[in-house]
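Remarks on the overall topology
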Amino acid sequence: MKVTFGILAHVDAGKTTFSEQILYQENVIRSLGRVDTKTACLDHDEIEKTRGITIFSDMAGYIRNNNTYYLVDTPGHVDFSAEMERTLEIMDYAVLVVNGSDGVQGHTETIWRLLEQYQIPVFLFINKLDLASASYERTLMDIQRQLSIKVLDFQNINLKNGMEDSFTDDLIDNVSEVEEGLVDQWLEGTITYENIKPFLVTQIKSRRLFPCFCGSALKGEGMKEFLSTFYELTETNYDSSDLFRGKVFKIRYDEQQNRMTYLKVLSGSIKVRDVVSESDKVHQIRLFRGEKYTTTTEAFAGDVIAVTGPVNTLAGQGLGAYENVLVPVLYPALQARVQYPSDIPDQTISHIFHVLEEEDPSLKREWEESLHQLKVNVMGKIQLEVMEETILRRFKVPVTFGKPEVVYVETVKGTVKGYGHFEPLRHYAEVALRIDPAPRGEGIRFESECHVDRLGINFQNLIRTHVFEYAHKGVLTGSTLTDVKIVLIDGISHIKHTEGGDFREAVYRAIRQGLMKADNILLEPYYQFNLSVPSSLTGKLLNDITRRCGAFELPIEGENERTVITGTGPVSSFMNYGEELMVMTGGRAGISMGFSHYDICHNQDEIIASYEYNADADVKNPSCSVFCQKGTSFVVNWDKAEDYMHTLR
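As a starting point, this report considers the structure included with it. (Residues numbered from 1 in each chain as written. Predicted model: local features only at pLDDT ≥ 70, side-chain atom pairs only at ≥ 80, totals over all residues. Heavy atoms only, no water.)

Things to note about the overall build of the protein chain
Along its length, the protein chain carries 17 helices and 35 strands. Each of the three principal axes of the protein chain carries a C-alpha extent, and together these read 90 × 65 × 60 Å. Expressed as a percentage of the 649 residues in the protein chain, the buried residues total 54%. Counting contacts in the protein chain only where the partners sit at least 6 residues apart, residues at least 24 apart contribute 74% of the total. Per element, the accessible surface of the protein chain, about 29100 Å² overall, is 48% carbon and sulfur. (Helix = DSSP H or I, 4+ residues; strand = E, 2+ residues; numbered from the N terminus. Buried < 20%, exposed > 50% of the residue type's maximum accessible area, 1.4 Å probe, protein only. Contact = heavy atoms within 4.5 Å. Areas by Shrake-Rupley, 256 points an atom, 1.4 Å probe, with all protein chains shown as cover.)

So, empty space enclosed by the protein
Here the idea is plain: a probe the size of a water molecule rolls over the atoms and shows the empty space left. By the definition in use, this model includes four cavities of 30 Å³ or more. Looking at the second largest cavity, its volume works out to about 80 Å³. Together, Tyr470, His472, Lys473, Tyr508, Ile511, Arg512, Leu515, Asn621 and Pro622 line the second largest cavity. Partitioning the lining of the second largest cavity into residue classes produces five nonpolar, two polar and two charged. (1 Å grid on protein atoms, 1.4 Å probe; cavity = no way out; pocket = protein on both sides within 12 Å on 5 of 7 lines; lining within 4 Å. Points joined across faces, edges and corners; volume = space filled by probe spheres on them. Nonpolar A, V, L, I, M, F, W, Y, C, P; charged D, E, K, R; others polar.)

Observations concerning the packing of aromatic side chains
Applying the stated criterion across every chain, the model contains 28 aromatic pairs. Between Phe123 and Phe230 the ring centres are 5.0 Å apart and the planes differ by 70 degrees, which places this aromatic pair in the edge-to-face class. With Phe123 in strand β5 (residues 122-127) and Phe230 in helix α9 (residues 223-233), this pair connects stretches of sequence that are 107 residues apart. Assessed through its relative accessible area of 0%, Phe123 is described here as buried. A residue is classified by how much of its surface remains accessible, and Phe230, at 0% relative accessible area, is buried. Joined through ring pairs, the aromatic side chains of Phe5, Phe18, Tyr62, Tyr69, Tyr93, Phe123, Phe125, Phe154, Phe213, Phe226, Phe230 and Tyr231 make up one cluster. Here Arg548 stacks its cationic end above the ring of Phe574, 6.0 Å away from the centre of that ring. (Phe/Tyr/Trp six-rings, centres within 6.5 Å; stacked < 30°, edge-to-face > 60°. Lys NZ or Arg CZ within 6 Å of the ring centre and 35° of its normal.)

With respect to unusual backbone geometry
Its identity is not glycine, yet Arg273 carries a phi of approximately 85 degrees, on the positive side. Among the secondary structure elements, Arg273 is positioned in the loop between β10 (269-271) and β11 (275-277). A positive phi angle, near 60 degrees, is found at Lys396, a position not held by glycine. Mapped onto the elements, Lys396 comes out in the loop between α11 (381-395) and β21 (400-401).

Section: the pairing of strand β1 (residues 2-9)
Burial analysis of β1 places eight of its eight residues in the buried class, the great majority of the element. Judged by which residues are buried, β1 turns out to be covered on both faces: Lys2, Thr4, Gly6 and Leu8 on one side and Val3, Phe5, Ile7 and Ala9 on the other are all buried. Taken together, the six bridges between β1 and strand β3 (residues 67-73) define a ladder with parallel strand orientation. Its bridge partner being in β3, Ile7 is matched across the sheet by Asp73. Of the pairings in the sheet, the one linking β1 to strand β4 (residues 93-99) comprises five bridges and is parallel in character. Bridge assignment links Gly6 to a residue of β4, and that residue is Ala94. (Pairing = 2+ DSSP bridges.)

Quick notes on the packing of helix α12 (residues 457-468) against helix α13 (residues 500-517)
Two numbers describe how α12 lies on α13: the axes approach to 9 Å, and their chain directions differ by 55 degrees. With respect to α13, the element α12 is oriented oblique. Handedness of the α12/α13 crossing: right-handed. On α13, the residues touching Phe459, Leu462, Ile463, His466 and Val467 of α12 are Gly500, Phe503, Arg504, Val507 and Tyr508. Per-class residue counts for the contact of α12 with α13 are seven nonpolar, two polar and one charged. (Axes fitted to C-alpha atoms, helices over the stretch in contact; angles between N-to-C directions. Parallel < 35°, antiparallel > 145°, perpendicular 65-115°, else oblique. Left-handed = near helix turned anticlockwise from the far one by under 90°.)

Here's the deal with the pattern of salt bridges
Enumeration over the complete set of coordinates arrives at 30 salt bridges. Among the salt bridges present, the one from Glu358 reaches Arg259, with a minimum N-O distance of 2.7 Å. In this pair, Glu358 is assigned in helix α10 (residues 346-359) and Arg259 in strand β9 (residues 259-267), connecting sequence segments 99 residues apart. Of the two residues examined, Glu358 and Arg259, each falls in the buried class. Note that Arg434 and Asp436 form a salt bridge whose closest N and O atoms lie 3.2 Å from each other. Accessibility assignment for this pair places Arg434 and Asp436 in one class, buried. (Salt bridge = Lys/Arg side-chain N within 4 Å of Asp/Glu carboxyl O.)

A look at the environment of Leu425
Within the secondary structure, Leu425 sits in the loop between β24 (416-422) and β25 (429-437). Taking the relative accessible area as the measure of exposure, Leu425 reaches 45% and is therefore partly exposed. Setting aside anything within four residues of it in sequence, one finds Leu425 in contact with Cys628, Gly631 and Ser633.

A word on the state of the cysteines
Within the structure shown, the criterion is met by zero disulfides. Left without a disulfide partner, Cys212 is nearest to the cysteine sulfur of Cys214, which lies 7.4 Å away. Of all cysteine sulfurs, the one in Cys601 lies closest to Cys549, which takes part in no disulfide; the gap is 9.6 Å. With relative accessibility at 40%, the residue Cys549 sits in the partly exposed group. (Disulfide = S-S within 2.5 Å.)

Thoughts on helix α1 (residues 15-25)
Of all eleven residues in α1, nine are buried; the element is thus mostly enclosed. One or two residues past the end of α1 sits Asn27, with phi positive at roughly 60 degrees.

With respect to the nonpolar core
Core analysis: the largest hydrophobic core is formed by 46 residues, its most contacted members being Ile349, Phe353, Met387, Phe401, Leu531, Ile565 and Tyr577. Examining the composition of this core, we find that seven residues originate from one element, strand β29 (residues 520-534), more than from any other. Excluding its chain neighbours within four sequence positions, the residues that come into contact with Leu531 are Ile545, Thr563, Val564, Ile565, Tyr577, Leu581, Gly590 and Ile591. (Core = buried A, V, L, I, M, F, W, Y, C linked by side-chain atoms within 4.5 Å.)

Put into C-alpha cells, the structure is as follows:
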C-alpha cells in the first residue's frame, strides 16, 4: 500500500515541526530539526530558513510496516496558498494542524473549504497544548462549530482488540450510519474492534468522520497516538497493471539548473526513457527526502516522484491517460508591475519570469507592449518580497515591484450568442457559440451541441482547444473572462480551404462578438477575515467594516472581554487592513485574512472609468469578422457581422 498525505495549517500552527516529528519517529532523520534554528529537513531553501516560514511544498518518503508513505509539507502562509493548493490533487489524506491557542483562523477555514472541494479525507491535530493559553476542549468545540460536527475526539480511543471500552457514543453513532447493527452490539457489549474497523475506514475515506487528536509536536506529545491511529485507518488501492496516468503538481529547477517535473503516478508505471509529454523523454526518476534524493529506473502507481528530461510539462497537467482537469479554487487577487534596471535586456527578464511561472503558474505574467511593462499576479506582499530575494539569489538580477493592484475579472449576466467568420483568400472557418453564465469560481467550461454531420469531430476538438488556449479578454476593462460556459452550436468548414488556424481566428472573434452584445459584469476579489478585538472596540470596527463595503456575521463574545468578528470584504478596501487595524486599535487587535472568492464589483462604474478601456480599439482582440466576395476579402464590424454569417442563412 502507498499513501500520500499532506500536512496543512494556518501559519505558525506548528505544521513543519509536526512534519519533523513524524520523520524523526520514522527514522527518516537522525535528529529533530526546528524552524527557529533553521535545521528543519523540509524547509531547506535559504529563504525559508531566513524567514522561518514554509514557502515551497516539499516531501519525504518512508517505509512503515511494508507500506510506503509520502509526507508532503505545504506552505501555511496565505501568500503561498497557491503552492499549497497544487499539492492537493496528489493527496490521499490530509492532516490539518490547528493551533490550540488561536483555534480556527481565517486561513484554516480556507484550507477546510479546499479539502472539501478536492474531497480529501482529513485527520486533525490540535497542537501547542504545552502553552498555558491553549485548550483542547475549547479548540475542539471551535472546530466542530466552524468546520464540521463530524470532527470527533479520538484522543482517548484505543483501537485495539480488548480495548473496546474506550469507544465513545459519538464514535458508535457515526459508524452506525453505515451499519445499524453496530448499535445493538455496542449496547449488548459484544462489539469488537475488528467489527468496527472497516466502517471507520469507510467513514473517514468518505469524509463523514474526521478523527481529532491533540498534543505538542515540539515536545513529541501525542504523536505516537496520532500515528498509530493514522496508520491503522488509512487505506489506498493503486493499480500498477493499468495504463500510465500521472498528475504533475510542481516544476522546480535544481542547483545544476536541471528542470524537475514533480508528479504522482496514479496508475500503471513509468520508466526511464519513457515519453510522457509531447516528445519529452524521462532521463532520471528521483525519490526525494527533503533536499536529498535517490534514483530509480521505474516508479509505480502511488509513487510520488520527480523526473528530469521533460521540458514541456506544466504544473496541474495530467500525463498519460489522465483526463480530469480541476480548476484551481484560489486566485491571486493582486497584480504588480516588475521594475528592473534599464541596462537589463527585456529578454533576460522575460526568461526569468518564464522560469518562475513554470514553477508557479498562478503568476500569469503579462507583457503590455504599449507600456513596455511586465506584470505578474501575486497573492500578497510577502510573496513579492520573496520573489525579489529569489531572483537576486538565483539569477543575480535586482528587481523590485510596483504597488500591488487589484486583479479584476469579467463575466456575463445572461446568455448571449456570438458569431465569428474568418475568410481571407483561400481560408475559411465560421463558428457560432452560445455564452452562458456559470457559477462563481467555475472558470471557463466548454461543450458542443453541434452535430458531427454538420462539423467534423476533428474541427470540434480544435474549437475546444482554441477556447481554452487563450485568456480571453472582457470588453469592460480588458480583464480576463471567467465563469462562463461556451457552447458550440454550429460551425462550417471548407473542404479545401480550411486550416487549423482558421478556426482559432473564428473562435476568438465569435467569443468577442458575443461579449460586445452581452450584459457584462465586472467581478472583484474578496477577502475572508477573522478579527479578534477588545469588546469595547466592537462597535467601532463593525462601522469601519461597513464603511469599507464589507459584510460580517454576528460577532461572537469570547474570553477575556474579546470579540471575534468574521466576515468578507473587497480586496480593494481591505488590502492594507492589517496595518491600518494595528494603528486603529493600538495593536490590540488580531487579524487573519485570505482570499475568499470573486463577486460583483462594489464600485463597477468607477473602476471601468479608471481603466479607460476601448474594446473597439483593442486590435489584439478583434470582434469583427473577415469575409470574402469575388476574390476580395473585407472586414465587417461586430454589430453588422451577423447579416453576413453563413450559419444564419
